[in-house]
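# Close look at the chain arrangement
In case you want the letters, here they are:
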Amino acid sequence: MSGERRIVAFCCRECAYAAADTSANARTALPPSVRLVLVPCTGRVGPLHLLRALADGADGVMVAGCLLGQCHYREGNFNAVDRVAFVRRLLESVGVEPERCRMFTMSAGEPPRFVAAVREMDRVIAALPPLPRSGDTAPAAGTTDAAVAGMGVA
Ligand code: FES
């Protein structure tokens, strides 16, 4: 898988993962870069989960949950929106493109919306330069690798 882009998609069981499941049953092709992680609710996804995924090899991370106001745990997706915004600010502050972290919402009955979200994420990440990794040739001071490592998650 080396050299290929990787996107980790944290999907809430109630809506996003259900939409993904339906799209898979319909044999809708998803970008091969995307790896789904089932979570009970996006409110369970913390900043460290997102940063750890990036530090461990993902080029992008996305959080996909229920429509705002329709979280099955009331406020989980509002918390996720705040956490994604926090991580985006953190990434930007250390020289990493904030577009590498995105939030999407959808209902369980909207598989096309889920497919559009992962394709959009794949398109955005494909347009970015590779995220430097440990062992890559000398990243410049203040660039991604040093920056992500410096956040204490590498
Ligand atoms: Fe889907 Fe909370 S249950 S975001």
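So, here is what we can say about the structure in this document. (Residues numbered from 1 in each chain as written. Predicted model: local features only at pLDDT ≥ 70, side-chain atom pairs only at ≥ 80, totals over all residues. Heavy atoms only, no water.)

Before going further, it helps to spend a moment on the side chain of Ser23. Within the secondary structure, Ser23 sits in helix H1 (residues 16-25). Ignoring sequence-local partners within four residues, the contact set of Ser23 consists of Thr28, Pro111, Phe114 and Val115. (Helix = DSSP H or I, 4+ residues; strand = E, 2+ residues; numbered from the N terminus. Contact = heavy atoms within 4.5 Å.)

With that out of the way, let us pick up the environment of Met106. Tracing the chain through its elements places Met106 in the loop between strand S4 (101-105) and helix H4 (111-126). For Met106, a relative accessible area of 0% gives the class buried. In sequence terms Met106 and Leu68 are 38 residues apart; their C-alpha atoms lie 8.6 Å from each other. Aside from chain neighbours lying at most four places away, what touches Met106 is Cys15, Ala16, Ala19, Ala64, Gly65, Cys66, Leu67, Arg113, Phe114 and Ala117. (Buried < 20%, exposed > 50% of the residue type's maximum accessible area, 1.4 Å probe, protein only.)

Following both chains from N to C, one finds helix H2 (residues 47-55) and helix H3 (residues 76-93) inclined at 45°, their axes separated by 9 Å at the closest point. Taken together, H2 and H3 sit at an angle that is classed as oblique. When the axes of H2 and H3 are compared, the crossing they make is right-handed. Packed against H2, whose contacting residues are Pro47, Leu50, Leu51 and Leu54, the element H3 presents Arg83, Val84, Phe86, Val87, Leu90 and Leu91 at the interface. (Axes fitted to C-alpha atoms, helices over the stretch in contact; angles between N-to-C directions. Parallel < 35°, antiparallel > 145°, perpendicular 65-115°, else oblique. Left-handed = near helix turned anticlockwise from the far one by under 90°.)

Turning our attention to the environment of Thr105. With respect to the element layout, Thr105 can be found in strand S4. Each C-alpha atom, one on Thr105 and one on Val81, is 9.8 Å from the other, the two residues being 24 residues apart in sequence. Apart from the residues within four sequence positions on either side, Thr105 is in contact with Gly65, Cys66, Leu67, Leu68 and Arg113.

Keep in mind that these numbers describe shape and distance, not what the molecule does.
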